[in-house]
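# Descriptive analysis of the structure
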Amino acid sequence: MSEEIKVLIEEEEILARVKEIADQINKEYEGREICLLGILKGGAFFTCELSKRITVPVRIGFMSVSSYGDGLTSSGAVTINSDADLDVKGKHVIVVEDIIDTGRTLTFLLNMLAKRNPASLKLCALLNKPERRAVEVAADYVGFEVPDKFLVGFGLDYAQKYRNLPYIGELLFEEDRS
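Residues numbered from 1 in each chain as written. Predicted model: local features only at pLDDT ≥ 70, side-chain atom pairs only at ≥ 80, totals over all residues. Heavy atoms only, no water.

Here we take up the packing of aromatic side chains. Inspection of every chain in the model, using the stated rule, returns two aromatic pairs. With a centroid separation of 5.9 Å and 90 degrees between ring planes, the pair formed by F150 and Y158 is classed as edge-to-face. You can call Y158 buried: its relative accessible area is 14%. Put simply, the rings of F150, Y158 and F173 pair up and form one aromatic cluster. (Phe/Tyr/Trp six-rings, centres within 6.5 Å; stacked < 30°, edge-to-face > 60°. Buried < 20%, exposed > 50% of the residue type's maximum accessible area, 1.4 Å probe, protein only.)

Here you go:
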C-alpha cells in the first residue's frame, strides 16, 4: 500500500501556538507549581515543546494509554499500558495529549485521575477533532481544530510511523488519491 502525506499545519505554526498556550498556562498558574502529565507516545512531542516554554515550576510525568493499536480507528477499549509516574494528589495537573478524537480515552483517563484527588485537573490537547466525538470532553487548552482526516506528525502516528515529522499532515493512501 502506497502512502502520501499532505501537510496541513507547518512546524512554525505549531510552535507559535504552543508558545501561546504556554503563555496562557504561565499566567493562570503564576506562583504555583504544576504537573504536566504527558500521554505517550503521541503526546510526548507536544509535552516536551510545551514544557520548554513554561516558566512556572513544573514537574513532568508520563503515562501510556491506548485505544488504537495499529489500526485507523479507535477500538473503544481503553488500556493503561503504564500508569502515571507522578503522584497527582493535591497537585495542579494538566493532562497533555496529542489529539482529542472520540473522547472515550480522555474521558476514562480524566475520571480515573480525578479519583486521585488532584488540586485541579485540566486538559491540554494540540489537536481537537470534534467531528469524531462519541463522548463529550472539554479541553481547557487546544492548539488547533482539525478536520476528520487521518493525521500524522508531531507525535501522531500510523502503525508507529511518522511521529517524527515536524508538522501535522493528512495521511493519504493510494485509494484516497484516485
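After that view, the rundown keeps rolling.
It is worth spelling out the pairing of strand β6 (residues 120-128) at this point. Taken across its nine residues, β6 has seven buried, putting it largely inside the fold. Here strand β5 (residues 92-100) pairs with β6 via eight bridges, running parallel. Bridge pairing in β6 places I94 opposite K122. The pairing of β6 with strand β7 (residues 141-145) spans four bridges and is parallel. Within β7, the residue paired with A125 across the bridge is V142. (Helix = DSSP H or I, 4+ residues; strand = E, 2+ residues; numbered from the N terminus. Pairing = 2+ DSSP bridges.)

Next up on the list: the side chain of E170. Summarising the element assignment, E170 is placed in strand β9 (residues 168-173). Buried charge without a salt bridge: E170, with K149 as the nearest opposite-charge side chain at an N-O distance of 4.3 Å. Apart from the residues within four sequence positions on either side, E170 is in contact with E4, I5, K6, L8, K149, F150 and L151. (Lys, Arg positive; Asp, Glu negative; His and termini not counted. Salt bridge = Lys/Arg side-chain N within 4 Å of Asp/Glu carboxyl O. Contact = heavy atoms within 4.5 Å.)

On to the pattern of salt bridges, then. Going through the model one piece at a time under the given rule, you end up with ten salt bridges. Between R163 and D157 there is a salt bridge, with its nearest N and O atoms 3.1 Å apart. The exposure class of R163 is buried, given its relative accessible area of 13%. With a relative accessible area of 19%, D157 lands in the buried category. Through salt bridges with shared partners, one network takes in E49, K52 and R53.

This part takes up the sheet that holds β9. Overall, antiparallel pairing links the three strands, which are arranged β1-β9-β8 in an open sheet. Only two strands of the sheet have a single partner each, and these edge strands are β1 (3-9) and β8 (151-152). Two strands pair when backbone bridges link them, and β8 and β9 are joined in this way by two bridges, in the antiparallel orientation. Directly across from V152, in β9, lies its bridge partner G169.

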